[in-house]
Amino acid sequence: MDTKRDGPLGSVMVVGGGIAGIQAALDLANTGYYVYMVEKSPAIGGVMSQLDKTFPTNDCAMCIISPKLVELGRHLNIKLLTLSEVEGIEGRVGRFTVRVKQRARYVDMEKCIACGLCAEKCPRKVDNEYNQGMSQRKAIYVKYPQAVPLKYSIDEANCIYIEKGKCRACEKLCPAGAVDFSQKDKTHEIEVGAVILSPGFQTCDARPLVELYGQNPNVVTSLEFERLLSATGPTQGHLVRPSDHKEPKKIAWLQCVGSRDSHRQGAHSYCSGVCCMYAIKEAMVAKEHCQDPLDTAVFYMDMRTYGKDFEKYYNRAREEQGVRFIRSRVYNVDAVPGSDDVLIQYASDAGDQSDGHPEIVVHQEQFDMVVLSVGVETSPETIELAKRLGVKLTEHNFAETDPFTPVSTSRPGIYVCGLFQGPKDIPFSVMEASAAACAAEIDLAPARGTQVKSRSVPPEQDLSEQEPRIGVFVCNCGINIASVVDVKAVMAYAATLPNVVYSQEYLFTCSQDTQEKVKQTILEHRLNRVVVAACSPRTHEPLFQETMKDCGLNKYLFEMANIRDQDSWVHQKEPGPATEKAKDLIRMSVARAALLKPLTEKPLEINQRALVVGGGIAGMNAALGLSRQGFEAVIVEKEPQLGGMARNISQTIEGLDVLAYVDKLVQEVKDAGIEVLSGSHLAGLSGYKGNFISTIDTGNGAREITHGVVVVATGAREYKPKEFGYGESDRVMTQLDLDKLIRQHSGKVSKWQRVIMIQCVGSRNKDNPNCSKICCQGAVKHALRLKKINPEMDVIVLFRDMRMYGVLEDYYTQARKEGVLFVRYDEKDQPEVSFNGPGIGVAFNDLVLGRRVSLGADAIVLGAATLAEENEQLATLLKVPRNAEGFFIEAHAKLRPVDFSSEGIYLCGTAHGPKLISETIAQSMAAAARAASFLSNKDMTVGGVVAQVEPGLCAACLVCVRNCPYGVPRIDPEKGVSEINEALCQGCGTCVSECPAKAIRLGHYQDDQIMIKVDALLEGVV
Amino acid sequence: MPCTGRVAIIHLMKALEKGADGVFVAGCLEGDCHYQAGNLRAKKRVAYVQEVLKSIGMDPERVAMYNLSAGQGPRFAEICREMTERVRQLGPNPIRKNGERKEKAA
Amino acid sequence: MIMAKPKPIQEIVNVIKDFDKVLVAGCNGCVAVCEAGGLKEVEILASALRMYFANQNQNIEIGEVSLTRQCDKEYLAEIKDMVPKYGAVLSIACGAGVQFMAEMYSEKPIFPGVNTNFIGVTLEKGVWSERCAACGECILASTGGICPIARCSKRMLNGPCGGSSNGKCEVSKETDCGWHLIYERLKTLGQLQRFEVPNDPKDWTTSRDGGPRKIIKEVSQA
């Protein structure tokens, strides 16, 4: 076979440049595939770039996405096609030809320096869609200040010249001669092996749903509200209400606008999955924005805070921040005559009222502003795109996928991730993106590395003879820094410091074009040390260090002064002292920079094998994801057989056979030649990323396995309830027990007259504040099964909030239609189970009827919590963190959901937190993709920030040997002094600070390099 | 600092010697050290410096060890306020006071 | 190895307070290993002294240096240009180092910064324990490898005194009875019969009783 003609291609097209598309593109490009990123707007970033902060950590969205934007923008193996749309596709998996239409930008990207002069002079103002129309932009514009690429573009629908043939002001004024009206739309024919669709979503149109929206400017959508909170928004982050620009005192959030609504035109029956959390976030962040206390109220049906640590966030908002949560049905949103305020009329359950009248109670309340928590939907353009690509859609217009192949569309070789797959939040979009990358990588594995280019970094300059020449780059961070700190004064001050030969300010120092300018400046001024005064090195240091490398400078000759997080953000109300503090911080950084030394790093081979701990659905999928890409995988499973928790689950809520699926996976694992060590556990681990040595206790002796990465897929377990008489009677059971009963004794079950299910057993309480996420769907799934077995059976579900997120809502609706009774109870008023001879009953307060109800039942089914597996030993061996409830903590809750902060170790499945099988599969594939991206490098660099022994000073006293938490130092028997292996050293510096002879030095953190900052800070004090 | 395990006794001493009114070390939560136990080493070193300060007649409260996670921004602010308030109570570092006097004299 | 412990700062202050310039001199030998006198301790002590004197409004300059060993002239000579610039030297080497420093720089007042305690071992990180009293006539061969001179509070030579109780010494409940340890060890070795042969009275002339001692190894002499 001629592989050149018939084999797969080593390139992938990613359609849509939001966070999902970005993640997929980066994973692919970092694993050895060439990526074409097709984005219809002039810049990537998607909706995430428009968000102010992100739940549940309240990280600034722009701050965490920006490094990814820049990494993508400057990636050698990603071709970014903006203003582009896919017109058609031909071919099959492995070889597609995609026709992409790219609209004219009318600006030469090579020439544009993004100075903004063109936009300043452009006479045509139009609504700025990035700010949801709440501000204006010009016809020539950049989407947002940190846009990638940061190049202007002309919006031809609004350009006066294109429309009327006159103007060309921008062209005349452009100092770079970048405006080019001769540009024409282009069509590219691009050959790729696979396609990933990540076109994202749009928010529902609120107009037909809330009449006042569009009439009263103080009624805004949640996305508009995000812009009002954002520093780059229409009010520069000053929260004022649109009608009179006064700070609001009272804001209401109305949930489920356009979601969970089967009746109204323009609304959707599904749950949008994210609105509860973003409303909580917006309410908390809004409170932080206001000088005076702000009253916030969220009007909701069910609070769906089902994700990892979400319930704690909700609790914090309610209990600590005083956000009011009002369970209600809003039936009218009305103007208040003579004011810009808004009147909300709503009905609530009687049970929520102290008077206890057995009827629905109506209320009304007036607010300064109302935020509509609008749902998500697939845009008409995306629906058209799907048609052109031959990708089937669901009734809700999401890409049709199978729960067992959650990122595969109906067309082989075309994958999907993010909101086009279904409603979800950012971490799950990111997981799916990596999963889609994994799927494409599997298809194209033989072609990995065939189409990528490699970067040539100029040789490193020898600085040994040079005096320090320091450049200081001061960032305005838009207004993040500049609105508080006098950046110009700081810049001028920096220029006066010793060894500083250059200082300058930039609007966004991290932006791609500024990085280009920084490069030019480094070369032009022969800088050999760089200080960036901006945000946190945690997020931005690697970016600037890349720029250093591009200039032939060692990346350790770089120093950051955090004048944003540690200065402008915390001293917003004291601009004078904040400016002085910025000067102090820069003086310290400059002083340190002068003492920095280049550190060398060298390559070390990576062992290409993966060890997967846990052989359930997650572990098997991760192992298969790697094996199918050509990486050897070994599964360690503690039970005698593979399958894990899934062996206790008959079917998914969609009706798919889970046991058959598990059997199929087990067979695939066997067929793939993946070694399985069952009845085994990890007993010891040494080595380091890329070169681990594990000791596996096989129950039959120890096995040693060398491997480059570890995937943790140890799963979770069902809580064995102590509540509701569980264990006292076999009529009280958990959902898993019920599953088994239906499987084995359906005849017995079919005779039941009444089943009562109780939710949140062992979840959302003091002992376990988490929501277990999957129990609501478990109850609905089984309620529907019971109704199928015997339609006459009474099935009653006692719940606190029905958390049927996303399209699961359909099953909730179906269950109600089929007569399943859902009755809410309050946490403080738990149902009571009573035993009366062989009979059992449940008494509970019906909050709608406002009275106590007692019912007998044939079975009581408890929605028991999903708890972390006993994993302390594993956590200790791998040195990875767990949260208070024992679930492993990923590197970043939003953007690194399957990584651990220690490189080379990955996480998937319910070991990360409770989740559905489909979500587990996606996360496992994501873990495989992330691991593959590490393994595909073949070697990694070691050295850098590591401890080094000065043999002449070493007294061989053993203090380092005894103090190292990793047991790295040893006394070299030949030389008689301590030796520290640079590949093993983690760089913590503990030994350095203990060494009695001061014979150990930590690269980049030498005593003089640390103390000089103290000296500089305290200069002139004594 | 990569880890509070790198914080040496001399770093804390020098900061005070150079005129800082107070120094605190902010490490990971106990049991959550990214490098396993660096924060526990730092805790001991802080206690040692406190002893040295006592022996030279300085207030040991001028140095402190705090533990918090990267996610606890508000806690960090609280610690900063707490430490500032404590140092304010203690007054300026006596070294600094003398320094100022000398400056005035000069 | 020789074990030492830092002197209280107040004691050090009392002896150096009348000098304008004092050099703190560490040793990278035994005292570094027992974390009492290496460069790390030099820095800490120097910093503490500077702060102390600054707080007393006393302007004393404190210099810092650490030598490979203070018990060798060649290493001591490395600071020959430095010492004259100081009014006094505070040596945090063992007593031998301090004295040798004083011999070498006889015109300078040399003060000790540590108390030299014993010849001992590192039991664990940060814990050191005495093992040898340098008596000059080793009898470990007859005592199961446990020295009754160093490990018995009373330097008994033939079994414990009446104060041994449950294996502990009457001097301190924290201290093991040296002879109890010897007994247990000999029992393990199957050599309890050694108790039947008493040790001869010890000739203390090889120890301090014979005056200061000197060792000459002719083959090694110049």
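Quick caveat: nothing in here was measured; it's all calculated off a predicted structure. (Residues numbered from 1 in each chain as written. Chains lettered and ligands numbered in written order. Predicted model: local features only at pLDDT ≥ 70, side-chain atom pairs only at ≥ 80, totals over all residues.)

## Comments concerning the overall build of chain A
- Assigned secondary structure in chain A consists of 27 helices and 52 strands.
- For chain A, whose C-alpha radius of gyration is 30 Å, the value lies close to the compact-globule estimate of 31 Å for 1022 residues.
- Based on the C-alpha atoms only, the size of chain A along its principal axes is roughly 90 × 80 × 75 Å.
- By residue count, 54% of the 1022 residues in chain A fall in the buried class.
- Sequence separation of at least 24 residues holds for 72% of the intrachain contacts in chain A that already meet a minimum separation of 6. (Helix = DSSP H or I, 4+ residues; strand = E, 2+ residues; numbered from the N terminus. Rg over C-alpha atoms; globule rule 2.2 N^0.38 Å. Buried ≥ 20, exposed ≤ 12 C-beta atoms within 10 Å, placed from the backbone. Contact = placed C-beta atoms within 7 Å.)

## Quick look at the overall build of chain C
- For chain C, the helix and strand inventory stands at seven helices and seven strands.
- Each helix (α) and strand (β) of chain C, taken in turn from the N terminus, gives the series β-α-β-α-α-β-α-β-α-β-β-β-α-α.
- For chain C, the C-alpha atoms occupy an extent of roughly 65 × 45 × 30 Å along the three principal directions.
- Among the 222 residues that make up chain C, the fraction classed as buried is 38%.

## Regarding unusual backbone geometry
Residue and element names in this part refer to chain A.
- Here the amide bond leading from Phe 55 into Pro 56 is cis, since omega sits at -10°, within 30 degrees of zero.
- Along the chain, Pro 56 falls in the loop between strand E3 (53-54) and strand E4 (59-60).
- Residue Pro 149 is bonded to the preceding Val 148 through a cis peptide linkage, with omega at 0°.
- Within the secondary structure layout, Pro 149 lies in the loop between strand E10 (140-141) and strand E11 (153-154).
- Phi angles above zero are rare outside glycine, and Cys 167 is one such case at about 130°.
- You can see Cys 167 is positioned in the loop between helix H5 (160-164) and helix H6 (169-173).

## Considering the sheet that holds strand E19 (residues 329-335) of chain A
Residues and elements named next belong to chain A.
- Read from one edge of the open sheet, three strands run E19-E20-E21, paired in antiparallel fashion. Because the sheet does not close on itself, it has two edges, and the strands there are E19 and strand E21 (361-367). Strand after strand, the sheet turns through a mean of 20° between neighbouring axes, direction not considered.
- Alignment of E19 against strand E20 (residues 342-348), held across six bridges, turns out to be antiparallel. Paired with Ala 335 across the bridge in E20 is Val 342. (Pairing = 2+ DSSP bridges. Axes fitted to C-alpha atoms, helices over the stretch in contact; angles between N-to-C directions.)

## Description of the interface of chain C and chain A
- Listed by partner, the interface residues are nine residues for chain C and eight residues for chain A.
- Going through the elements one at a time, helix H2 (30-33) and helix H3 (39-55) of chain C are the ones with two or more residues in the side of chain C that touches chain A.
- The element best represented in the side of chain C that touches chain A is H3(C), accounting for three residues.
- Each residue belonging to the side of chain C that touches chain A can be placed in one class, and the counts come to three nonpolar, two polar and four charged. (Nonpolar A, V, L, I, M, F, W, Y, C, P; charged D, E, K, R; others polar.)

## A few points about helix H22 (residues 809-817) of chain A
All names here are of chain A.
- Within H22, the full set of buried residues consists of Glu 809, Asp 810, Tyr 812 and Ala 815.
- For H22, the secondary structure elements touched by its buried residues are helix H21 (775-789).
- Where H22 terminates, the next one or two residues include Gly 819, which has phi positive at roughly 95°.

## Thoughts on the environment of Ala956(A)
Residue and element names in this part refer to chain A.
- Position of Ala 956 among the secondary structure elements: in the loop between strand E49 (947-949) and helix H25 (959-963).
- A sequence separation of 44 residues divides Ala 956 from Ile 1000, and the C-alpha atoms of the two residues are 11 Å apart.
- Leave out the neighbours within four places in its chain, and Ala 956 touches Ile 971, Gly 976, Val 977 and Ser 978.

## Digging into the sheet that holds strand E3 (residues 61-67) of chain C
All names here are of chain C.
- In spatial order, the strands read E3-E2-E4-E5; together these four strands make up an open sheet with parallel pairing. Edge positions in the sheet fall to E3 and strand E5 (110-112), since each has one partner strand and no second. Averaged over all pairs of adjacent strands, the angle between strand axes in this sheet comes to 25°, irrespective of strand direction.

## Some remarks on the domain arrangement of chain C
- If you check the domain split of chain C, you get domain 1 (2-118) and domain 2 (134-208).
- The C-alpha centroid of domain 2 of chain C is placed 37 Å from the C-alpha centroid of domain 1 of chain C. (Domains from an automatic or database assignment.)

## What to know about the packing of helix H2 (residues 19-31) of chain A against helix H24 (residues 917-935) of chain A
Residues and elements named next belong to chain A.
- Two elements in contact, H2 and H24, have axes whose closest approach is 8 Å; the angle formed by their N-to-C orientations is 35°. As H2 runs across H24, the sense of the crossing is left-handed. Here Asp 27, Asn 30 and Thr 31 of H2 lie close against H24, whose contacting residues are Ala 929, Arg 930, Ala 932 and Ser 933.
- Its residues assigned to classes, the contact of H2 with H24 shows two nonpolar, three polar and two charged. (Left-handed = near helix turned anticlockwise from the far one by under 90°.)

## As for the interface of chain B and chain A
- If you look at the interface, chain B gives 24 residues, while chain A gives 22 residues.
- At the level of secondary structure, the elements contributing two or more residues to the side of chain B that touches chain A comprise helix H1 (9-17), helix H2 (38-55) and helix H4 (94-105) of chain B.
- Among the residues forming the side of chain B that touches chain A, the class breakdown is 11 nonpolar, seven polar and six charged.

## Remarks on the pairing of strand E7 (residues 95-102) of chain A
All names here are of chain A.
- In the sheet, strand E6 (residues 84-92) pairs with E7 via eight bridges, with the strands oriented antiparallel. The residue bridging Glu 85 from the neighbouring strand is Lys 101, located in E7.
- Counted between consecutive antiparallel strands, the loop separating E6 from E7 contains two residues, among which Gly 94 sits at a positive phi close to 100°.
- Across seven bridges, the pairing between E7 and strand E12 (residues 186-192) is antiparallel. Residue pairing for E12: Val 100 is matched across the bridge by His 188.

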